[in-house]
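These are the residues of each chain, in order.
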Amino acid sequence: MDFGKRLQELEERGLRRETWPVDSCQGALISIQGRPFINFASNNYLGLAQRGEVREAAEQAIRDFGWGSGASRLMSGTHRLHEELEARLATLKRTEAALLFPSGYAANVGALPALSDERTRILSDELNHASLIDGIRLARGEVTIYPHADTEALEAALAQQEDKALVVSDGVFSMDGDVAPLREMVTAVERQGGVLYLDDAHGTGVLGTEGRGTSEHFGVSSASLLQMGTLSKALGGIGGFIAGDRDVIAYLRSRARSFIFSTALPAPACAAGIAALEILEREGGHLRDRLDRLCRYLAVGLERLGLVADPMTPIFPVHAGSVERCVRVSAELRNQGIFGPAIRPPTVPAEACRIRISLTADHEASHVDRLLDVLGMVL
Ligand SMILES: Cc1ncc(COP(=O)(O)O)c(C=O)c1O
């Protein structure tokens, strides 16, 4: 296997990837190798990653309990802070229980295989996140991919299933920012007697009057709904979770392999998560209002540039077409002090490359103005 040659091929197709080491906090303004940028590439939607209370909670937990958790959750790795955070996440999602995983990715690749067997019919939206796709690849059920957010197609696929279905969907689609038609989906899944597994990584903290996510946005609650979320986006930290009925959570605790066979989140990460949830309760409404105003402001500006934009979520795909054009636009943005990486295959199809602009409550209108000016020049 000649990896040098494979790398060369990636290079020629514009698909070689590099990392950009940040040497500052994760705010609206970041420094990369000493150069300042306005950051439009983070999922830190409410600006909690760098908040004082979150840092202090993590620091205090390091002083009290050290850093590492030493073992997986079923060995000696469970700290009382895991259980406190799980109880608070269940409260946020209005479910009986919740289970923490080391990351959102781990939650999806652990839960989906555990929830299905050979007789499960898995129905998956064509634009689902890679971690859902990977979880489904590890699961044993038969898989049908349905067209994006197409409830009629989903209903038709459900009607053909004799066995119970496991419908899998993003709540907010990570690369497009649109929201799944949850109400119709839940109705269809309830009728069939199956389960809807909703990945609300980008809805949690952002959607709903109290930030409970996509389900609150649509006013949906259902015994057929199982919600996945992560602390790594609006909650500004790290760690994935599943929230649902006591029995399903207890079952996952015994069966989800990424829960069983991976070291537990460090207690300071749990302390930071708890502090972030406290801020969400106290100030979430104010932070979401601020974010919402910025989203509307950006959407109007993008439309003025002739682009289609929906301010419903803080994710704005700016379509750039081919890999080459997208890489060029991203480089030109960087030259002008704007950080917005090129989203390319395998994340999106080769002809649908984009700059994924994400806003946070920490941005100012002047940052958005600058982005719009530069986009107007480089697009
Ligand atoms: C929709 C979706 N699900 C799951 C994940 C994985 O979450 P984490 O980054 O916490 O592993 C992501 C992260 O990008 C995501 O966008």
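This one's a predicted model, so the numbers in the text were calculated from it and none came from an experiment.

Rules used in this analysis
- Residues numbered from 1 in each chain as written.
- Predicted model: local features only at pLDDT ≥ 70, side-chain atom pairs only at ≥ 80, totals over all residues.
- Heavy atoms only, no water.
- Domains from an automatic or database assignment.
- Contact = heavy atoms within 4.5 Å.
- Buried area = accessible area lost by both parts, 1.4 Å probe.
- Salt bridge = Lys/Arg side-chain N within 4 Å of Asp/Glu carboxyl O.
- Helix = DSSP H or I, 4+ residues; strand = E, 2+ residues; numbered from the N terminus.
- Nonpolar A, V, L, I, M, F, W, Y, C, P; charged D, E, K, R; others polar.
- Axes fitted to C-alpha atoms, helices over the stretch in contact; angles between N-to-C directions.
- Parallel < 35°, antiparallel > 145°, perpendicular 65-115°, else oblique.
- Core = buried A, V, L, I, M, F, W, Y, C linked by side-chain atoms within 4.5 Å.
- Buried < 20%, exposed > 50% of the residue type's maximum accessible area, 1.4 Å probe, protein only.

It is worth spelling out the domain arrangement of the chain at this point. According to the domain assignment, the chain contains domain 1 (14-45 + 314-378) and domain 2 (52-278). Taking only C-alpha atoms into account, the centre of domain 1 sits 27 Å from that of domain 2. Contact with domain 1, which involves 12 residues of that partner, is made by 12 residues of domain 2. Counting each side, the surface lost to burial between domain 1 and domain 2 is near 930 Å², with a carbon and sulfur contribution of 62%. Considering only the side of domain 1, the residues that lose the most area to domain 2 are Asn43, Tyr45 and Ile315, jointly responsible for 45% of the buried surface there. Joining domain 1 to domain 2, the criterion identifies one salt bridge. Broken down by secondary-structure element, the contributors of at least two residues to the side of domain 1 that touches domain 2 are β10 (315-321) and β13 (353-358). Residues of the side of domain 1 that touches domain 2, tallied by class, amount to seven nonpolar, three polar and two charged.

Helix packing for two helices is described by the angle between their axes and how far apart those axes are. At a minimum axis distance of 10 Å, the contact between helix α7 (residues 151-159) and helix α8 (residues 182-192) shows a crossing angle of 5°. Of the possible angle classes, the one that applies to α7 and α8 is roughly parallel. For the pair α7 and α8, the contacting residues are Thr151, Leu154, Glu155 and Leu158 in the first and Glu184, Met185, Ala188, Val189 and Gln192 in the second.

In this section: the nonpolar core. Membership of the largest hydrophobic core comes to 85 residues, with the highest contact counts inside it found for Val167, Leu298, Phe316 and Leu359. In terms of domain composition, this core takes at least three residues from each of domain 1 (14-45 + 314-378) and domain 2 (52-278). Aside from chain neighbours lying at most four places away, what touches Phe316 is Cys295, Leu298, Ala299, Leu302, Ala309, Asp310, Pro311, Ile355, Arg356, Ile357 and Leu359. Counting residues in hydrophobic clusters, the runner-up holds 23 residues, among them Ala111, Leu132, Met228 and Ile249.

So, on to unusual backbone geometry. Between Pro345 and Pro346 the backbone carries a cis peptide bond, its omega angle lying at 10°. Mapping Pro346 onto the fold places it in the loop between β12 (342-343) and β13. At Gln33, a residue that is not glycine, the phi angle is positive and equals roughly 50°. Mapped onto the secondary structure, Gln33 falls in the loop between β1 (29-32) and β2 (35-39). In this structure, Ala149 is a non-glycine residue whose phi angle is positive, near 55°.

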